[in-house]
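Tertiary structure, described
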Amino acid sequence: MSVSLPARLALLVVVLAASLMAMLYKVHKATQFHTVIDRGELADLPAENTALHHKKGMKHKDAKDKNLAAIKSLEGRRKMMKKEEHIDNVHNTTHQKEEEDKPMNIILFYADDWRHDTLGAAGNPIVKTPVLDALAEEGIRFTENCVTTSICWVSRVTLYSGQYLARHHFEMLGRGRTITLPNGTRVEMKFEVSQNETIYSLLKQKAGYAVGHAGKLGIWVEMDRALNFDFMVEEDGWHWRKIGDRMWHITQKNTADALRFLMTRNKKKPFFLNVAYFATHAVDGDTRQYLPQNESLPMYENDTIPMPADTYDKMPPFFGEYNEGRTRWRWRFDNESKHQSMMKNYYRMATEVDTSVGIILKQLEMEGVLDNTLIIFTTDNGNFHAEHGLADKWYPHQESIRVPLIIKDPRMDEEFTGTLNDEFTLNIDLTATILKAAGLEPLPSMMGRDMSELYTNGGLKAASTVTAQSRRKESVSVDKRQYPDPASDGEGKYHSGHETAWRTEFFYEHPMHTNPDYIPASEALVRKDWKYFYWPNHKYEQLFDMKNDPGELNDLFNSTDPMHQTKLKWMRKRFIELKLLAHSDLSIVL
């Protein structure tokens, strides 16, 4: 029999209660934390409200005793009972309407460097993620969720802006593109997204949410805290650090900061909280790479992690020994013993995040707000675990671009509870989904779509039967952004979405870093049956049959099969179309 999420959370909180209390005590003692807290919340403290409530209760009791004493006859008692019943009905109806009209809270659990199958619910036979597995059972898990650029800071700015890299231009940590002015001067751009158009500021300023961020902001740019946050603590780049008189693990710190926001926020407002875990990202400068908590070390000790074959020789010819993906493979995976050690510590850190999610959800349950909270778990990019002879991310392969996504939404139709969805959802959709849940429309510059369309009001219908002939030439979304026309091939099967269907393809992009030998630029047209790669620095193309070659090992670019050559022609044409749209200023949904 399946155990419900609340039951699992209750068991988890009993086990962790002692350590959690110690953690919270240390958090409140620490002096290095920076936060913006509305001090008006002091009026809501339980100690102050208890006495007032007691006085009101005594006053109400005295009045009730006097009224009861005045009722002498049976008829009088019946009239009183009828009156009280009417008052109760009015009260219950009013309370029910208030609950229905109450804005949803939103919590985003946003982990780092997790690929789609770092979940027990995704069929991973080794990693233990009981809380997330239970969340998937009570929500919906998206099996083809992908990122449009597989690297930390680009994905985060995509979340903050709802835009492709091609539009927000934030290519490097701390800065975006370098532009050349008409007079020839070269200028390094900074954070090009307007500070009043980030998801944080829109929720705070337009929707009236209490907004919190705990963990990795990930862009190394100072954001206007008063405009974007009520609570903001940024942690990035470490696994262990001494803060105050205690050694903290970063996942413990992320957990404690999230709890501190929940406990100190303005309770009169709905809240949005991004718990942006640094785990399972490695500490790149440390030879150990992954440093889990001490209590986790016995986990996975007796497990054996399957080691992928080294197929680096199948990568394009310009992938040499100085490619950063290959360098990090040597750091982590170039022998069996190292691979076992690294992967076990990676899984230990994943389980620690799972435990943290359980602690935070239990806090929401204890506050009585869990059932009115939209819960999202996802990550910023995938990760190679030695597949293709690589480590880390960047490139358009499935291990790099596919990431987990679980949503539990109070509005979800019962028929979708505990189900899987295999539509192409993207990280650009996160922004639109969160804004719509808060009652806001996506901005015209945003490029994603509200994912709740897939699990509310019966979901989208007839996704596989719509053809180019049966849909309008220029489909327009509810918020007036346009959906591009379908591809020329496939008789309408391939498209970016329309009123009754979700996208069936998407454009992927990643910029070059440092030089083409280090991290070459890569782009792709991604479909479920075919995938086209383009490497701009080398003008190199690849074609993969995803149905027969899901591991993307057999490049068909030079195939003499006429069907392959025809497919290559159509894929190349559509790739160019979507790339131009991504780089345009059009108000579109991609």
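To keep things clear, this report deals only with the structure shown in the data block. (Residues numbered from 1 in each chain as written. Predicted model: local features only at pLDDT ≥ 70, side-chain atom pairs only at ≥ 80, totals over all residues. Heavy atoms only, no water.)

Glancing now at the environment of N228. Assignment of secondary structure puts N228 in helix α8 (residues 225-228). Those residues in contact with N228, other than ones at most four positions away along the chain, are Q195, T198, Y200, S201, K204, V211 and M223. Looking at N228, its side chain comes within polar contact range of the side chain of Q195, at 3.0 Å. (Helix = DSSP H or I, 4+ residues; strand = E, 2+ residues; numbered from the N terminus. Contact = heavy atoms within 4.5 Å. Polar contact = N/O pair within 3.5 Å; in protein donor to acceptor, adjacent residues only side chain to side chain.)

Take T149: it is sitting in the loop between β2 (140-142) and α5 (152-161). On the basis of relative accessibility, which here comes to 1%, the residue T149 falls in the buried class. With sequence-adjacent residues up to four places away left out, T149 is seen in contact with V154, S155, L165, D380, Y508, E509, H510 and P511. (Buried < 20%, exposed > 50% of the residue type's maximum accessible area, 1.4 Å probe, protein only.)

Evaluated as defined, the whole model comprises 25 aromatic pairs. Relative to W535, the ring of Y395 has its centre 5.7 Å away and its plane inclined at 55°; by these criteria the two rings are tilted. With Y395 in the loop between β12 (391-392) and α12 (398-401) and W535 in strand β17 (residues 530-535), this residue pair connects regions lying 140 residues apart in the sequence. An aromatic cluster of three or more residues is present, and its members are Y312, F318, F319, W394, Y395, F533, W535, Y540 and F544. Seen from the ring of W248, R246 lies directly overhead, with NZ or CZ sitting 4.1 Å from the centre. Taking the ring centre of W329 as reference, the NZ or CZ of R326 above it sits at 3.7 Å. (Phe/Tyr/Trp six-rings, centres within 6.5 Å; stacked < 30°, edge-to-face > 60°. Lys NZ or Arg CZ within 6 Å of the ring centre and 35° of its normal.)

In spatial order, the strands read β15-β16-β17-β18; together these four strands make up an open sheet with antiparallel pairing. Either end of the sheet is taken by a strand with one partner, and the two such strands are β15 (506-510) and β18 (540-545). Each neighbouring strand pair of the sheet contributes to a mean axis angle of 15°, computed without reference to strand direction. Two elements, β17 and β18, share six bridges in a ladder whose sense is antiparallel. Bridged to F533 within β18 is Q542. (Pairing = 2+ DSSP bridges. Axes fitted to C-alpha atoms, helices over the stretch in contact; angles between N-to-C directions.)

This part covers the packing of helix α4 (residues 130-138) against helix α11 (residues 336-367). Interhelical geometry of α4 versus α11 gives an angle of 60° and a closest axis separation of 7 Å. Viewed along their axes, α4 and α11 adopt a mutual orientation that is oblique. Here α4 contributes P130, V131, L132 and L135 to the contact with α11, which in turn contributes D354, V357, G358 and L361. Counted by class, the contact of α4 with α11 contains six nonpolar, one polar and one charged residues. (Parallel < 35°, antiparallel > 145°, perpendicular 65-115°, else oblique. Nonpolar A, V, L, I, M, F, W, Y, C, P; charged D, E, K, R; others polar.)

Quick look at the pattern of salt bridges now. For the structure on display, the rule yields 43 salt bridges. A salt bridge links E577 to K573, with the shortest nitrogen-to-oxygen separation between them at 2.7 Å. With a gap of four residues between them, E577 and K573 both fall in helix α14 (residues 562-582), about one helical turn apart. With relative accessibility at 27%, the residue E577 sits in the partly exposed group. (Salt bridge = Lys/Arg side-chain N within 4 Å of Asp/Glu carboxyl O.)

Read these as layout, nothing more, since geometry by itself doesn't imply function.
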